[in-house]
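As a plain string of letters, each chain reads:
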Amino acid sequence: QVQLVESGGGLVQAGGSLRLSCVASGRTFSRYGMGWFRQAPGKEREFVAAVAWSGSTYYADSVKGRFTISRDNAKNTVYLQMNSLKPEDTAVYFCAQDSSSYSTAAYTANRYGYWGQGTQVTVSS
């Protein structure tokens, strides 16, 4: 049974930083790509960043240069370092695990079969 547990969300002023963590269990973590998505009130869930099993990364244009995704296979954890935060980054952030092993980094939600419960990030202006 796959479980994903996010942490690290909170309230921060514009220009500040937060680091989100997601601990995975239930499958061999190193074999699977991981992604971060977010959903703001009244909006659809959108892709933020992904890291493949190989370590290659992919970012949404809106966060490129500000956010960094990384993974620590020894800790079964994926991170999202968020710098220069903007009010428009306010959302619930979800981590997700690719359904298939040894795949390229995925930016579409339907590639991910497992999701965490989400963590709230609020950026004040």
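Preceding this paragraph is the structure being described.
First, a word on what this report is: a plain description of the structure on this page. (Residues numbered from 1 in each chain as written. Predicted model: local features only at pLDDT ≥ 70, side-chain atom pairs only at ≥ 80, totals over all residues. Heavy atoms only, no water.)

What follows concerns the sheet that holds strand S7 (residues 67–72). Strand order in the open sheet made by the 4 strands is S1-S3-S8-S7, with antiparallel pairing throughout. A single partner strand is all that each edge strand has here, and the edge strands are strand S1 (3–7) and S7. Between one strand axis and the next, the sheet turns through 15° on average, direction left out of account. As paired elements, S1 and strand S3 (residues 18–25) share 5 bridges and run antiparallel to each other. Note on S3: the bridge partner recorded for Glu6 is Cys22. (Pairing = 2+ DSSP bridges. Helix = DSSP H or I, 4+ residues; strand = E, 2+ residues; numbered from the N terminus. Axes fitted to C-alpha atoms, helices over the stretch in contact; angles between N-to-C directions.)

On to the packing of aromatic side chains. For any two aromatic rings, the description comes down to two numbers: the centre-to-centre distance and the angle of the planes. Tallying each qualifying case throughout the model produces 8 aromatic pairs. When the centroid spacing of 6.2 Å and the interplanar angle of 65° are considered together, the rings of Tyr112 and Trp115 count as edge-to-face. One aromatic cluster is present, built from ring pairs that chain together Phe37, Phe47, Tyr58, Tyr107, Tyr112 and Trp115. The lysine or arginine in question, Arg45, covers the ring of Phe94, its NZ or CZ lying 3.9 Å from the ring centre. The ring of Phe29 is capped by Arg71, whose NZ or CZ atom sits 4.5 Å from the centre of that ring. (Phe/Tyr/Trp six-rings, centres within 6.5 Å; stacked < 30°, edge-to-face > 60°. Lys NZ or Arg CZ within 6 Å of the ring centre and 35° of its normal.)

Here we come to the nonpolar core. One finds Trp36, Leu80, Met82 and Tyr93 to be the most contacted residues of the largest nonpolar core, which totals 34 residues. Broken down by secondary-structure element, the contributors of at least two residues to this core are S3, strand S4 (32–39), strand S5 (46–51), S7, strand S8 (77–82), strand S9 (91–101) and strand S11 (119–124). With 5 residues, the top contributor of residues to this core is S5. With near-sequence residues (within four places) excluded, Met82 lies in contact with Gly16, Ser17, Leu18, Leu20, Arg66, Phe67, Tyr93 and Val121. (Core = buried A, V, L, I, M, F, W, Y, C linked by side-chain atoms within 4.5 Å. Buried < 20%, exposed > 50% of the residue type's maximum accessible area, 1.4 Å probe, protein only. Contact = heavy atoms within 4.5 Å.)

With phi around 55°, Asn76 is a residue other than glycine that occupies positive phi space. Within the secondary structure, Asn76 sits in the loop between S7 and S8. Unusually for a residue other than glycine, Ser84 sits at a positive phi of about 50°. By the element assignment, Ser84 lies in the loop between S8 and S9.

Within S4, 7 of the 8 residues are buried, which leaves it mostly tucked inside the rest of the structure. In the sheet, S4 pairs with S9 via 7 bridges, with the strands oriented antiparallel. Residue pairing in the sheet places Met34 in a bridge with Gln97 of S9. The pairing of S4 with S5 spans 5 bridges and is antiparallel.

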